[in-house]
Each structure stands twice: as structure tokens, then as C-alpha cells.
Protein chains: 2
Amino acid sequence: MRTFIIKANKARTSPDFKLSDLPGTSGRIDVLCRFLNSAFLLSHGFRKNVRVWLLLYGPPNPPKAIRFEGPQLKVRLNPDERSTAKLIMKALKAGEGLKEPGKEVEVYPGLYVSNRTFEDVIRLTLKNSRLYYLHEEGKPIERVSFGGNVAFVLGDHEGLSREDEAFLEGIAEKVSVGKKSYLASHVVAYVNIFLDSIPLP
Amino acid sequence: MRTFIIKANKARTSPDFKLSDLPGTSGRIDVLCRFLNSAFLLSHGFRKNVRVWLLLYGPPNPPKAIRFEGPQLKVRLNPDERSTAKLIMKALKAGEGLKEPGKEVEVYPGLYVSNRTFEDVIRLTLKNSRLYYLHEEGKPIERVSFGGNVAFVLGDHEGLSREDEAFLEGIAEKVSVGKKSYLASHVVAYVNIFLDSIPLP
């Protein structure tokens, strides 16, 4: 299983953004749409062995954690941004009344929303996956020996905060796909293709 | 210089598609938007050493060749699909009256439209670049020795036709990023990051 986790510090946590202006009204939920595209989609196919956590921390009701669970996902994920943004909107709508921190609401089979925090999700992920923090100053990915379940944490276009980085210290290995600062969706596309080429147990 | 060429057999060649339904009305111009995103964008940056040719072959006026020339490009390329689709729409609008096969119209500095064919563009590219055809059955990219100007040809979600492949035979080396069939935008993201890691003359 491959898990991709992105923390989006400005992403709207209410379904009140405009599909016709995602960059301007949603706190850059378009970034999350492209992230999902890279995590799950093949040409005419879908990666069933992938889980994605979108951690939305923008106004007005942070945090909201949206989980896409590949093996169970029954709703169609299309490659275009707009249709993916509609799914995120639907999940935020389903999560509007949520009060309990640990409760997850099923939006569709395989698509869930909760009030889980970044820290909650990292702790949960550590239970059965090795954790990597994708960062340009990490160890080159070709030199990392991957095995079993792997999970990757990425920042959005603004990166993780110093507090988040401090939290990951010692529990996540820093891994790099290159010295430049790449868009999250490009990094995920690279990691997926790279992992396909190495034999995993 | 890196050149990326994509042939989109169904992409509309008239600016009459809907920005609110790219997959349904444009012959999948959304694929081209993500292709441009992967070819040019870095996190908070832009690759000046990139040229993209979009070759649109859908109805009603094929072919239309749209060229994005990194070193000269003055119009802002944003990461989201919708704003990129607007640029393509603008280029198609500017190319509406074009009759001459060889004439290129400047839409903005660095953005051009013409009636050039796939074969025209390949021949032009060969004059100063080595040509590679990205295909899952090609030589693994790690085993190719790149140097100088490089150009990559890709098919859209339906792939190149048998005739196009026959035309490329002998003039383009088949290169692969993996055994799976990947989305064009993911392949371009991979190739860009891969090329960044090797020293080019």
C-alpha cells in the first residue's frame, strides 16, 4: 500500500468555493485535485493500492481530513480538476455537522471525511507504514530502500510549517526526488512511477 | 532546450468549447492543460528552457499547432486547467482565419498558432534536437545517454496512430519511463525531474 498525505494550510474547509474559480476561491483546492490525479490515475486505469489523505486547514472550520481509500473507492475519479473538486466539495458538505474529533463520515464507499488533525493522521499512518517526508533536501530517492507499506508526506505550495516539520523529526525519513522545488503533483507522479520500477515485497 | 510534442487526435480546433466542461466539450483539451503544467511549472517557478508543441487534430479545422516557447513566453502560465484552457482558446481564436500552411501567428510573445502538421513539426524539431518517442515499450530512460537539445513526442490518452508511429520509425528513439501506460502529464513530470538530475552539456 502507498499512502500520500498532503497538508494544505489555506484550503477551504467549507463547500462554498466556486468550481469556476478554484485558485481564487478555494484556498487552492486545485492543488489537491492535481495531487489526487497523480496519486491514483494511470492511462485508462486506477491504482487500487493507493490511499490519499487531504488535510485541509483553511477557514472556516479547520481541520478537515478527507481520505480516499483506493481499494474501496467506488466513486469514479476523473482526471480533470473540476470533477475532482466536486468530490472534495461533496466531502466537505458531508462533514459540515461533524463535532467528534475521531469520527469519520462515509461520503461514498472509499471516501471519508473527519475532523482528524495532521498529527492524528501521521500517528495512524505510522501504525502500519514507513513514513517519508518528501523534501528537496532529503536523501536521494534512488538511495532509499523501500519495503512494505510506504507513506509520503508533502506540503502544499507553501510547504509545511516549522511546527509540522518538528513533529515529523525522528518519525519520518526525509527523501528527495531532486534539488529543485517541484509541485506536489509532479513529485507524486515521479514517486509513483519510480516505485513501480522497483520490486517491493 | 527541452521540447515536448503531443498529438491530440480529438482536440477541438475551434475556440467553441466550454471552460466549465473541458472533458465533455473540447475533445480533451484538459489533457493538454495538464501537459503544459508538467512541462513548464516548478513550485513558484517556470522552466525557461522548455518548448511545447500542442498538435490539435479534432474537428472542425485540423490541424492546429500551438507553440509555447519558454524563453520568450510573456503570458503567465498558471497551474490550474481552466486558465490554461483560456490560453489555448485564445490561440485557436487567433488562428481562425489562417490559410497558409507555413504561417505562424503570434498570440502573445512566445505563444504561436499555425496550421502546421505533425510531420511539419517533427521535421522542424529534428533540425536541432534529438528526438525520442515516449512509449512503454521503449528503452528504459536510465539507459539512454542524453545530450544537447532533446525533444520528446507523446500521444494523447488514445496514443499515436499506426501511421504516426511509422513516420517516427528510424527518426525517433523509443524511450520508456516504465512498463505501465501512464498519463502524458505524469510522463512529462517524470522526464523533467529525471533530466534535472543528470548533467547535460
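Scroll up a little and you will see the structure.
Worth saying up front: this structure is predicted, and the values here are computed from it rather than measured.

> Just to check I follow, could you spell out the relation of the copies chain A and chain B for this structure?
Copies of the same chain, two in number, are related to each other by a rotation about an axis and a translation along it. Least-squares fitting of chain A to chain B yields an RMSD of 0.0 Å, with the superposition described by an axial translation of 0.0 Å and a rotation of 180°. Between the two chains, the operation in question is that of a two-fold axis. The rotation axis passes nearest to the C-alpha of A:Tyr190 in chain A, at a distance of 2.5 Å. Taken together, the interface assignments show that 100% of the residues at the interface of chain A recur at the interface of chain B, consistent with an identical surface on both copies.

> Would you mind showing me how to read helix H2 (residues 29-40) of chain A here?
Along an α-helix, a turn takes 3.6 residues, which lines up residues three or four apart on a common side. Residues and elements named next belong to chain A. For H2, spanning 12 residues, the distance from its first C-alpha to its last is 17 Å, which sits close to the expected 16 Å at 1.5 Å a residue. Taking burial as the measure, the 12 residues of H2 include 12 buried ones, the bulk of the element. Along H2, the residues that are buried comprise Ile29, Asp30, Val31, Leu32, Cys33, Arg34, Phe35, Leu36, Asn37, Ser38, Ala39 and Phe40.

> It is not clear to me how the pairing of strand E9 (residues 150-155) of chain B should be interpreted in this structure. Could you clarify?
All names here are of chain B. Judged by how many residues are buried, E9 sits mostly within the fold: 6 of 6 residues are covered. Going residue by residue along E9, you find Val150, Phe152 and Leu154 tucked away on one face and Ala151, Val153 and Gly155 tucked away on the opposite face as well. Judged from the 6 bridges that link them, strand E1 (residues 2-8) and E9 form a sheet pairing that is parallel. Each residue of the ladder has a partner; that of Arg2, found in E9, is Val150. Taken together, the 4 bridges between strand E8 (residues 130-140) and E9 define a ladder with parallel strand orientation. For Tyr132, the partnering residue across the bridge sits in E9 and is Phe152.

> Just checking my understanding: could you explain empty space enclosed by the protein for this structure?
Remark: the empty space left among the atoms is shown by a probe the size of a water molecule rolled over them. Under the defined criterion, the tally for this structure stands at 2 cavities of 30 Å³ or more. One number sums up the size of the largest cavity: a volume of about 140 Å³. Lining the largest cavity are 14 residues, and of these A:Leu19, A:Glu81, A:Arg82, B:Leu19 and B:Arg82 lie nearest its centre. Listing elements by their share of the lining of the largest cavity, those giving two or more residues are helix H1 (22-25) and helix H3 (81-94) of chain A together with helix H1 (22-25) and helix H3 (81-94) of chain B.

> Even after reading the chapter, I still don't get the state of the cysteines, so can you show me in this structure?
Tallied over the full model, the rule gives 0 disulfides over all chains. Between A:Cys33, a free cysteine, and B:Cys33, which holds the nearest cysteine sulfur, the sulfur-to-sulfur gap is 14 Å. Looking at B:Cys33, the relative accessible area reads 2%, which means it is buried.

> Help me understand the packing of helix H2 (residues 29-40) of chain B against helix H6 (residues 184-197) of chain B in this model?
The relative placement of two packed helices is expressed as an angle between their axes plus a distance between the axes. Residue and element names in this part refer to chain B. Here H2 crosses H6 at 5°, and the two axes come no closer than 8 Å. It follows from the interaxial angle that H2 and H6 lie roughly parallel. On H6, the residues touching Arg34, Phe35, Ser38 and Ala39 of H2 are Ala184, Ser185, Val188, Ala189 and Asn192. Taken together, the residues that form the contact of H2 with H6 break down as 5 nonpolar, 3 polar and 1 charged.

> It is not clear to me how the pattern of salt bridges should be interpreted in this structure. Could you clarify?
Side-chain pairs of opposite charge can arise where the charged atoms are in close proximity. A complete count under the given rule lists 32 salt bridges over all chains for this structure. Among the ionic pairs, A:Arg47 bridges to A:Asp196, the shortest N-O distance being 2.9 Å. Linking A:Arg47 in the loop between strand E3 (45-46) and strand E4 (50-56) with A:Asp196 in helix H6 (residues 184-197), this pair joins segments that are 149 residues apart in sequence. Of the residues examined, A:Arg47 reaches a relative accessible area of 5% and is grouped as buried. Notably, a salt bridge pairs B:Arg116 with B:Glu104, separated by 3.2 Å at the nearest N-O pair. Residue B:Arg116 is located in the loop between strand E7 (111-114) and helix H4 (118-126), and its partner B:Glu104 is located in strand E6 (residues 104-108); the two are separated by 12 residues in the primary sequence. According to the relative accessible area criterion, B:Arg116 is buried, its value standing at 17%. Look at B:Glu104 and you get partly exposed, because its relative accessible area is 22%. Through salt bridges that share partners, A:Arg51, A:Arg67, A:Glu69, A:Glu104 and A:Arg116 make up one connected network.

> I'm lost on the interface of chain A and chain B in this one. Help?
Each partner contributes to the interface: chain A provides 28 residues, whereas chain B provides 28 residues. Summing the contributions of chain A and of chain B, the shared interface buries around 2,700 Å²; its carbon and sulfur component is 59%. Where chain A meets chain B, there are 2 salt bridges. The partner of A:Lys180 in a salt bridge is B:Asp196, and the shortest N-O contact between them spans 3.4 Å. If you look at where chain A meets chain B, you find 15 residue pairs in polar contact (both at pLDDT 80 or more). Contributing elements (two or more residues each) for the side of chain A that touches chain B: H2, strand E2 (41-42), H3 and H6 of chain A. For the side of chain A that touches chain B, the per-class residue count stands at 11 nonpolar, 8 polar and 9 charged.

Analysis parameters
- Residues numbered from 1 in each chain as written.
- Chains lettered and ligands numbered in written order.
- Predicted model: local features only at pLDDT ≥ 70, side-chain atom pairs only at ≥ 80, totals over all residues.
- Heavy atoms only, no water.
- Least-squares fit on C-alpha atoms with pLDDT ≥ 70 in both.
- Contact = heavy atoms within 4.5 Å.
- Helix = DSSP H or I, 4+ residues; strand = E, 2+ residues; numbered from the N terminus.
- Expected span 1.5 Å × (residues − 1).
- Buried < 20%, exposed > 50% of the residue type's maximum accessible area, 1.4 Å probe, protein only.
- Pairing = 2+ DSSP bridges.
- 1 Å grid on protein atoms, 1.4 Å probe; cavity = no way out; pocket = protein on both sides within 12 Å on 5 of 7 lines; lining within 4 Å.
- Points joined across faces, edges and corners; volume = space filled by probe spheres on them.
- Disulfide = S-S within 2.5 Å.
- Axes fitted to C-alpha atoms, helices over the stretch in contact; angles between N-to-C directions.
- Parallel < 35°, antiparallel > 145°, perpendicular 65-115°, else oblique.
- Nonpolar A, V, L, I, M, F, W, Y, C, P; charged D, E, K, R; others polar.
- Salt bridge = Lys/Arg side-chain N within 4 Å of Asp/Glu carboxyl O.
- Buried area = accessible area lost by both parts, 1.4 Å probe.
- Polar contact = N/O pair within 3.5 Å; in protein donor to acceptor, adjacent residues only side chain to side chain.

Keep in mind these values describe shape, not function.
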